[in-house]
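# Residue-level structure breakdown
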Amino acid sequence: MKFDFLASFSSLGFGSEYEETYWDANFTTFLLLKNPESIGSLQARLPAFMKKEMTGQGATINFWLEPFTRIHLYSPYDGFEPNINISYIYILAAIAILILIIACSTFINLSTARSLERAREVGLRKVVGAGRKQLFWQFTGESGILCLLSLLLSLVLAILCLPGFNHLSGEDLRVSSIFSLTFLSTALLITLLVGLLAGSYPAIILTGFQPVQVLKGSFKHMDSGQRLRKSLIIFQFTISVFLIVSTWMIQKQLSFIRNKKLGYDREQIMVLPIDEKMLQRIPHIKQEFTLHPGVLSISRCTRSPVEGGGGYNMRSSMMPVDKQFAVIANPVDEDYIRTTGMHLIAGDNFSLQDEKDAEADDPKLRVYHFILNESAARQLGWTASEAVGKRMFLGDNRPGFVRGVVSDFHFESLHQVIRPIVLFTEHRGSELLVKLNGRQVTQTIAFLESKWKTMVPERPFEYRFLDEDYDKLYKTELRLSIFMNIFSGLAIILACLGLFGLSSYAVQQRVKEIGVRKVLGASINNIVLLLSRGFIWLTCIALLIAFPLAWWCMSQWLSDFAYRTNNDPSIYFFAGVLVLALSLLTVVFQAIRAARANPIKNLRTE
């Protein structure tokens with residue numbers, strides 16, 4: 001549990017009138033169990049216990065328990081640190097494994113392509129007494145050495161990239177973590193395993209050469225492993241296409257999020273934290289800030305539109321107490337609607353008098369005024385126009401009337417559907433929203449800072465922008481998008497390298513055939529088409545496998561958003577065209593070089 005300091009609950013400033021009750025939905029309660037295994041049985045007993053506890057309260061509240069150690073990765077609610085969706089960790093881990101498998105298959109194809117070049121070496125070694133087992137471990141050892149060198153290089157790269165990775169991921173990994181015994185042991189074990197698996201097949205191919213055929217010049221490599229090599233190419237491009245489509249779909253959803261109409265304006269709004277000691281000075285601060293032409297309006301509120309509000313209960317005057325609803329509510333001032341650009345569809349905005357009505361000295365004379373969103377009005381059984389003027393209650397101690405109704409707005413991430421929310425006037429707040437005109441922002445901020453230091457000398461001038469808060473709601477998706485861009489780029493490069501190796505191998509196997517065809521009058525185009533056709537079919541098969549897989553996975557990922565873009569078929573089309581073009585370019589390069597070779601030289605060599 002990381003924190004800068006701890007403060008007692010009594011220091012929050014509620015005063016002597018504050019009483020801790022079950023209705024405090026804004027706080028988290030932690031229980032230290034005598035037996036950690038009893039969480040299930042305790043959860044089963046809670047509903048009956050709470051029903052008894054809430055007798056005469058007009059409603060029943062239930063609590064849901066979750067282990068403290070699961071909050072960070074599995075809970076939809078933040079703990080002491082922002083939580084992370086475990087699904088994204090599984091996604092990144094799976095992609096990392098797939099990238100490693102693609103690298104192994106690429107190594108196999110490239111090694112196999114070079115097998116003909118080492119045929120005479122194997123023949124001579126066998127003639128002078130080398131056994132197949134000895135040769136197998138020699139070539140497997142070469143693969144292992146390459147992997148060990150790669151491990152050393154990767155450690156250097158990891159150290160160099162660690163600051164950038166920490167910035168991107170929001171973590172604080174140290175170099176010491178890389179050189180821990182557990183990490184190095186695991187990395188070494190994976191490296192040796194990869195070296196063995198990736199080097200075994202090329203070693204088997206190389207040690208299977210017949211020395212007599214090789215040395216006599218009549219050697220023709222058997223194509224017994226051709227299916228495996230082609231299967232590897234299909235696998236590589238399947239994963240590559242899947243990653244490309246997934247990356248584009250994630251980018252499309254992020255673009256949808258950025259451009260979605262939220263029901264309020266998040267651009268050019270500064271958020272300034274305030275405290276209770278400043279409340280009496282807010283009118284003066286507003287007056288001084290608005291002297292600058294770059295400031296359009298200012299509002300005091302407890303939470304910004306991105307943050308939503310706190311937990312309350314509401315009911316209409318026609319509803320019994322035990323039928324009230326849980327609702328999000330946010331104390332604001334009369335400038336909140338104008339500053340945030342919310343759309344008032346019925347009724348009127350708050351006035352200065354509304355706050356005075358809610359602050360009457362006699363609690364019995366206090367009257368509150370509310371602005372509902374459309375969802376809150378519907379939940380109370382009203383249309384927007386019907387809600388205006390209706391009497392309702394926010395909790396038991398805030399009776400009042402509906403002043404107006406605003407269009408539904410997104411005060412949570414697009415993962416959640418829009419819930420009911422109530423805005424009401426009350427003399428409290430923790431933030432100032434300052435709407436700027438967007439021109440000469442630096443000069444405007446400098447002006448506000450100078451005024452702030454004069455009027456609030458005891459508090460530092462700290463600010464952020466509302467659109468930054470909005471982006472933080474999707475920081476996991478933004479990071480995933482960046483990682484997916486990197487991984488898909490690596491995957492397509494590795495797949496093209498594997499295809500390059502296999503096409504190079506195929507060309508070497510058909511050198512004599514190409515020479516004969518050229519002598520008989522075949523053109524370069526004919527030969528290029530002959531050599532490229534089979535590989536393009538491999539890519540097409542990969543597309544047929546990857547598209548349904550990507551469609552299903554992206555549909556599942558998008559289903560986590562209540563508001564989402566469509567699973568666009570055009571993305572699959574362009575991804576297919578891109579991969580076909582890259583694979584064609586890779587193969588055609590080898591085919592043109594083979595087609596332009598001197599046929600006499602090739603036939604004489606053969």
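Residues numbered from 1 in each chain as written. Predicted model: local features only at pLDDT ≥ 70, side-chain atom pairs only at ≥ 80, totals over all residues. Heavy atoms only, no water.

### Details of the overall build of the chain
Each helix and strand counted, the chain has 21 helices and 11 strands in total. The buried share among the 606 residues of the chain stands at 42%. Expressed as a percentage of contacts within the chain between residues at least 6 apart in sequence, the contacts between residues at least 24 apart total 78%. Carbon together with sulfur atoms contributes 61% to the accessible area of the chain, which is approximately 33,500 Å² in total. (Helix = DSSP H or I, 4+ residues; strand = E, 2+ residues; numbered from the N terminus. Buried < 20%, exposed > 50% of the residue type's maximum accessible area, 1.4 Å probe, protein only. Contact = heavy atoms within 4.5 Å. Areas by Shrake-Rupley, 256 points an atom, 1.4 Å probe, with all protein chains shown as cover.)

### What about the packing of aromatic side chains?
Inspection of every chain in the model, using the stated rule, returns 16 aromatic pairs. Taken together, the ring pairs in this structure connect Tyr 312, Tyr 368, Phe 370 and Phe 424 into an aromatic cluster. The ring of Phe 393 carries the charged tip of Arg 315 above its face, separated from the ring centre by 4.3 Å. (Phe/Tyr/Trp six-rings, centres within 6.5 Å; stacked < 30°, edge-to-face > 60°. Lys NZ or Arg CZ within 6 Å of the ring centre and 35° of its normal.)

### Overview of the confidence of the model for the chain
Confidence in the prediction of the chain, expressed as mean pLDDT, is 83, and 89% of residues score 70 or more. Across the chain, the element-wise mean pLDDT spans from 59 in helix 8 (residues 211-216) up to 95 in strand 6 (residues 368-373). (pLDDT = per-residue confidence, 0-100.)

### Examining helix 15 (residues 441-455)
In a regular helix each residue adds 1.5 Å, so 15 residues correspond to 21 Å; helix 15 covers 21 Å between its end C-alpha atoms and thus fits that length. Summarising the contacts, the buried residues of helix 15 are in contact with strand 1 (269-273), helix 10 (282-289), strand 2 (295-301), strand 10 (431-436) and strand 11 (464-465). (Expected span 1.5 Å × (residues − 1).)

### Details of the side chain of Asn 567
Within the secondary structure, Asn 567 is located in the loop between helix 19 (524-558) and helix 20 (569-595). Beyond its immediate sequence surroundings of up to four residues, Asn 567 is in contact with Met 249, Trp 551, Met 554, Ser 555, Leu 558 and Tyr 572.

### Quick word on unusual backbone geometry
Where the residue is not glycine, phi is negative for most of them; where a peptide bond is considered, it is trans in most cases. Residue Gln 268 is not a glycine yet carries a positive backbone phi of 55°. The topology assignment puts Gln 268 in the loop between helix 9 (226-259) and strand 1. Of note, Gln 440 is a non-glycine position whose phi angle comes to about 50°, a positive value. Examined against the element boundaries, Gln 440 turns out to sit in the loop between strand 10 and helix 15. Using a relative accessible area of 57% as the deciding quantity, one classes Gln 440 as exposed.

### So, the environment of Leu 279
Position of Leu 279 relative to the elements: it lies in the loop between strand 1 and helix 10. A relative accessible area of 7% places Leu 279 in the buried class. Considered as a pair, Leu 279 and Ser 430 are 151 residues apart in the sequence and their alpha carbons are 9.0 Å apart. Apart from residues no more than four positions distant in its own chain, Leu 279 is found in contact with Ile 274, Arg 300, His 427, Arg 428 and Gly 429.

### Notes on the pattern of salt bridges
Under the definition given, this model contains 19 salt bridges. Notably, a salt bridge pairs Asp 354 with Arg 403, separated by 2.4 Å at the nearest N-O pair. Remark: Arg 403 occurs in strand 8 (residues 399-406) and Asp 354 occurs in helix 12 (residues 352-358); sequence separation between them is 49 residues. Owing to a relative accessible area of 23%, Arg 403 belongs among the partly exposed residues under this scheme. Via salt bridges that share partners, Lys 286, Asp 333, Glu 334, Asp 335 and Arg 338 belong to a single interconnected network. (Salt bridge = Lys/Arg side-chain N within 4 Å of Asp/Glu carboxyl O.)

### So, the side chain of Asp 354
The exposure class of Asp 354 is buried, given its relative accessible area of 1%. A distance of 2.4 Å separates polar atoms of two side chains, one belonging to Asp 354 and the other to Arg 403. If near-sequence neighbours (up to four positions away) are discounted, Asp 354 is found in contact with Asn 349, Val 367, His 369, Arg 403 and Thr 425. (Polar contact = N/O pair within 3.5 Å; in protein donor to acceptor, adjacent residues only side chain to side chain.)

### Structural notes on the packing of helix 10 against helix 15
Two numbers describe how helix 10 lies on helix 15: the axes approach to 10 Å, and their chain directions differ by 150°. The orientation of helix 10 with respect to helix 15, classified from their angle, is roughly antiparallel. The handedness of the crossing between helix 10 and helix 15 is right-handed. Residues His 284, Ile 285, Glu 288 and Phe 289 of helix 10 lie in contact with helix 15, whose contacting residues are Phe 447, Leu 448, Lys 451, Trp 452 and Met 455. (Axes fitted to C-alpha atoms, helices over the stretch in contact; angles between N-to-C directions. Parallel < 35°, antiparallel > 145°, perpendicular 65-115°, else oblique. Left-handed = near helix turned anticlockwise from the far one by under 90°.)

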